[in-house]
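Here is what each chain is made of, one letter per residue.
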Amino acid sequence: MNVKRWEDDAVVWNGPAYFGQRIGYAPSVTRGHVSGRIITCVDVVDWDGDGGRDLILSSWDACYDGQVYLREEIGTNPDGTPVLGPERLVEGVRGYVTAVRDGDVFHLVSTSRMRRTVDIYPNIGTRRAPRFGAPVRLELDADWVRGNEFYHVARFVDLDGDGEPELVVGTDFWDDYWPNGLEWNDHGYRGYDAAERWLGGPLRAYLYRFRNTGTLADPKLEKGTHITAGDGPLEVYGQLAPAFGRLTDSARLDLVCGEFWNILHLGAGCTDRSVATPALVETPDGTPLSLDHCINIPCITDWNGDGRPDILVGAEDGYVSFIRNAGTDADGTPVFVNEGRIETTEPVVHASVLPAPAAHDFNGNGLADLVVGNSTGELLFYPNLGPKHAPRLGREVKLTSGGAEIRVRAGLTGSIQGPSEKMFGYTCPTIADWDGDGLPDILMSDIHGRHVFLRNEGGTWPPAFGEEQLLTYGGAPLKTVWRVRPAAVDWLGSGRLHYVTLDDEGRLCDFERESDTVLVNKRLLSFKNGDVVRFTNDVGGGRGRVKLCLCDWFGTGTYHLIVGTHARASVPPGPKSPPRGTTGQAGIFLLENTGGNAQPVFAEPQAFSFDGETIAMGMHACSPEAVDWTGTGELGLVVGVEDGSLVWLERNRLSWGKPE
C-alpha cells in the first residue's frame, strides 16, 4: 500500500524571504558554528582552483527553496582544519547538492526529495570562476526494491574503477513504517500498543547505481540496479545518504552512509553492484560512534590535513560535525572520534531548526535576552549585547538544569510520529516569575506534551536552573498535545498567575497556578461565536505544534493572543481557513481579546503581514515572541523561523487583518 504523506501536498518555500530581518551576532563574536539550514547536506570541493577545502552547504528544498551556500577556506587552524570565510549564496542552484570533478572543473548534482528529481547543474565557467547553467533533469528508471521511494542524496562516483563515474542515489521509503498505512495525522492512527511497542515497521532506505554512457555535463543513464550487501539489497534505517572514500585500502573505495538515526555505517570494498555488509562506524574504544542528532548526510575528506580521510556530517539541525579519523583498530578497520560541530570566523545566528524564542532582560541592563528552544531539544541562551536601537547577540550557550545541559529527547516511544524521532525534543519555552521570588523562571513543553517548570537558581548570567519539575493537573502530570509553546499571564494583575496552553484535544485552555507544580480550575477559551478556540481540523500529531504569545499588543492593558502555526493549521478549523487554505505555509495570527482580561473571548483571527505581504514561513512551524526589541516603546515580533534563523519584524512594518 502506498502511503500519502502530508508533505506530498505541502507548498515548498517560494517566498517571501526574511533574510534582511535576520538578527545577527555582535562584532565581538568572532567564532561560531558553521550551519546550513534544515537537514543540511555538506560536501567539500576546491571551489576556485586554489587548492582549498571549500564547503558547500545545501538543505531540504521545502525550506528557503533549497538554497545552496558556500564557505571558502581562508586559512588553517592550529589543528590543521580549514578556517572558513563568510557564507555566500550560490546563485541559481537548489536542492541537496554534491560535487563531481570533470577535468579542470566540477559540476553540481542536486536531489529534490520533495519533487523526486535528480538534476545536474553543468559548470559553464572556468576552474577559477565556476558558474552553473540551467539544470539538466536526469530521468531515472530502476528495478526499485520498493515502490514509492523518495530520492534522498545523489553522487557521481567511479565504483568499478573504469574511469567513468556512475550515478549513485540513496533513497528512503516510508510505506512500511506507518501502522496499517495510516500516518500520524490520519483518523484511526495508533502508533503504540498498551505496552508502548511500536505498531508499525521500520524505515527503509536503499542504494542504486545508474551506469552513465554520456558525459558528466550531459549524462545518459542506463536502468538502475540496487547495490547489494550480503545476500540482499543494502538497507539502512531511512534516508540513506552515501559518501565514498578510501578508508580501509588505498586501492578500493569504501562506502559510508548516513541514515535517519544518529549512527553511520561503513561498508568496505565497493564494486559497481555490491558492498561488504556494513558495520557501524566505531570509536577507538570499540563502541558505536554516536552523532548529536539525526538525518545525517556525510561526506569523506581529509579535513585536518593529516593524510587520513575524515568524515564531515550534516544533520537535521543544520550543523556540520567533524568526525576525525583516529587510525585503525587491531583488525585494520578505521575508527573515528566525534570532534563536534565545526566552526567559522564569520558565523550567522543559527539556533538549530524550528527555533522557539522567549525574551527577557535577565541581567537588568534594559536589553531583552533570548532563550530559544529547538527541534534538537536544547535551550540556547543568547545574551543581548546591544546597542538598544539595533541589538546584536552574543554567542549562545546551552542552558543547564540541575547542573546538566538541557537536552530533551523523545526516545523510542516519546514521539507520536514513532521511533524514527528518538533524537528530537522540540523544546518550546516561555519565561515568567512562576514561583514569585523575583527571578525569571522557564516554563516549557516539548515533544512528549509534558509541561515543565525550571526554577531560576539566581546569581549567574547566563542563568542556571534547577532540576525540572513536572506541572500537574487533577493529581497527575499534565499531558497535552505536543510541541506547543505555552504562555503565562497574570490576567487581573493580582499576582495570581495563569498557565495557557492546548489540552490533550488541542483546545485552548487556561489553568490557575495553585503552587509551583499544581494547576487547577481549567477553563476552555472561546471565540466570540462561542466555539472553543482550536487551531486545526487535523487529528493526532497534526494537532498541537502552535506557539502561543499573550501580550498587551495595543498598550491598553488587555492581553491579546498572538499565535504561530504550522503549514497545515487552520485558524479557525476548516479546509479553507488560513494558513492551510491560503498561503499553505506557517503563519502568524492575532486573536484580539474582545471580552477583557476577566473573561477573555477572542475575535476572528487576523493574519499578520510584513511589508504588506502575508507572512509565510515554511512548513513545520514559526514561533513569534512579542517584545520591544529596539527600545521604541512598542511591541514588535522576534520570530523563530523553520530554517533556524531568528528574525526581527518591527511594528511599523507589520499589519494585520482578515486573511484573503
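The shown structure was predicted, so the numbers you read here are calculated from the model rather than taken from an experiment.

*Asks:* Can you help me understand the environment of Leu-167 in this one?
*Replies:* Residue placement: Leu-167 occurs in strand S13 (residues 166-172). Taking relative accessible area as the criterion, Leu-167 reaches 0% and is therefore assigned buried. Not counting the four nearest positions on each side in its chain, Leu-167 is found in contact with Val-109, Leu-138, Leu-140, Ala-154, Arg-155, Phe-156, Tyr-208, Arg-209, Phe-210 and Leu-221.

*Asks:* I keep staring at the domain arrangement of the protein chain and nothing clicks. Help me out?
*Replies:* Accessible area lost during the coming together of the parts is what is often quoted as the interface size. If you check the domain split of the protein chain, you get domain 1 (31-344) and domain 2 (356-656). Between domain 1 and domain 2, the C-alpha centre-to-centre distance is 35 Å. Contact with domain 1, which involves 35 residues of that partner, is made by 33 residues of domain 2. Across the domain 1 to domain 2 interface the summed buried area is about 2,600 Å²; carbon plus sulfur atoms make up 56%.

*Asks:* Honestly, the environment of Gly-24 in this entry has me stumped. Any pointers?
*Replies:* Its location among the elements puts Gly-24 in the segment before strand S1 (32-33). In the structure, Gly-24 is positioned 448 residues away from Thr-472 in sequence and 38 Å away in space, judged by C-alpha atoms.

*Asks:* What is the right way to read the sheet that holds strand S33 (residues 397-398) from this model?
*Replies:* Hydrogen bonds along the backbone pair up the strands of a sheet, which may run parallel or antiparallel. Pairing in this open sheet of four strands is antiparallel, and the strands run S28-S29-S30-S33 from one edge to the other. Only two strands of the sheet have a single neighbouring strand rather than two, namely strand S28 (356-360) and S33. Bridge analysis of strand S29 (residues 369-373) against strand S30 (residues 379-382) gives four bridges, and the strand direction is antiparallel. The residue bridging Leu-370 from the neighbouring strand is Tyr-382, located in S30.

*Asks:* How do you make sense of the pairing of strand S43 (residues 498-502) when you look at a structure like this?
*Replies:* Every other side chain in a regular strand lies on the same face of the sheet, so the side chains alternate between the two faces. Of all five residues in S43, five are buried; the element is thus mostly enclosed. The two faces of S43 match: His-498, Val-500 and Leu-502 on one face and Tyr-499 and Thr-501 on the other face are all buried. Here three bridges tie strand S42 (residues 487-489) to S43, and the two strands are oriented antiparallel to one another. Bridge pairing in S43 places Ala-488 opposite Tyr-499. The pairing of S43 with strand S44 (residues 508-513) spans five bridges and is antiparallel. Paired with His-498 across the two strands is Glu-512, which belongs to S44.

*Asks:* Could you clarify how one ought to interpret the packing of aromatic side chains in this entry?
*Replies:* Here a ring pair, both rings aromatic, is described through the centre-centre distance and the interplanar angle of the planes. This structure, assessed with the given rule, holds 26 aromatic pairs. Here a set of aromatic residues connected by ring pairs shows up, and it is made of Trp-174, Tyr-177, Trp-178, Tyr-189, Tyr-192, Trp-198 and Phe-260. The aromatic ring of Trp-553 is capped on one face by Arg-651, whose charged end is 4.0 Å from the ring centroid.

*Asks:* Quick question: what am I supposed to make of the sheet that holds strand S17 (residues 232-233) here?
*Replies:* Taken together, the three strands give an open sheet; going across it, the order is S17-S16-S21, and neighbouring strands pair in mixed fashion. The sheet is open, and its two borders are formed by S17 and strand S21 (274-275), each paired with just one other strand. In terms of strand pairing, strand S16 (residues 228-229) meets S21 through two bridges, oriented parallel. By the bridge assignment for S21, Ala-229 is matched with Val-275.

*Asks:* Is there a simple way to think about the pairing of strand S26 (residues 334-341) in this case?
*Replies:* As judged from the five bridges shared by strand S25 (residues 320-328) and S26, these two strands associate in the antiparallel manner. Along S26, the bridge assignment pairs Asn-325 with Phe-336. What sits between the antiparallel neighbours S25 and S26 is a turn of five residues, in which Gly-332 has the positive phi angle 85°.

*Asks:* Can you help me understand the layout of surface pockets in this one?
*Replies:* Over the atoms a probe the size of a water molecule is rolled, and this reveals where empty space is left. Taken as a whole, the largest pocket holds about 750 Å³ of empty space. Ala-99, Phe-156, Val-157, Phe-244 and Ile-300 are, among the 31 residues lining the largest pocket, the residues nearest its centre. For the lining of the largest pocket, the secondary structure elements donating two or more residues are strand S2 (40-45), strand S8 (96-102), strand S12 (150-157), strand S18 (241-245) and strand S23 (297-301). Looking at the lining of the largest pocket, its residues break down into 17 nonpolar, five polar and nine charged. If you go around the second largest pocket, you meet 29 residues; those closest to its centre are Ala-359, His-360, Ile-431, Glu-625 and Ala-626.

*Asks:* When you look at the pattern of salt bridges in this model, what are you seeing that I'm missing?
*Replies:* Opposite charge on two side chains makes pairing possible when the charged atoms of those side chains draw close. Summed over the entire model, instances satisfying the criterion amount to 40 salt bridges. The salt bridge involving Arg-341 is made with Asp-317; its shortest N-O contact spans 3.8 Å. Remark: Asp-317 occurs in the loop between strand S24 (310-314) and S25 and Arg-341 occurs in strand S26; sequence separation between them is 24 residues. What you see here is one network of salt bridges that share partners, running through Asp-317, Arg-341, Glu-378, Lys-398 and Glu-405.

Definitions and cut-offs
- Residues numbered from 1 in each chain as written.
- Predicted model: local features only at pLDDT ≥ 70, side-chain atom pairs only at ≥ 80, totals over all residues.
- Heavy atoms only, no water.
- Helix = DSSP H or I, 4+ residues; strand = E, 2+ residues; numbered from the N terminus.
- Buried < 20%, exposed > 50% of the residue type's maximum accessible area, 1.4 Å probe, protein only.
- Contact = heavy atoms within 4.5 Å.
- Domains from an automatic or database assignment.
- Buried area = accessible area lost by both parts, 1.4 Å probe.
- Pairing = 2+ DSSP bridges.
- Phe/Tyr/Trp six-rings, centres within 6.5 Å; stacked < 30°, edge-to-face > 60°.
- Lys NZ or Arg CZ within 6 Å of the ring centre and 35° of its normal.
- 1 Å grid on protein atoms, 1.4 Å probe; cavity = no way out; pocket = protein on both sides within 12 Å on 5 of 7 lines; lining within 4 Å.
- Points joined across faces, edges and corners; volume = space filled by probe spheres on them.
- Nonpolar A, V, L, I, M, F, W, Y, C, P; charged D, E, K, R; others polar.
- Salt bridge = Lys/Arg side-chain N within 4 Å of Asp/Glu carboxyl O.

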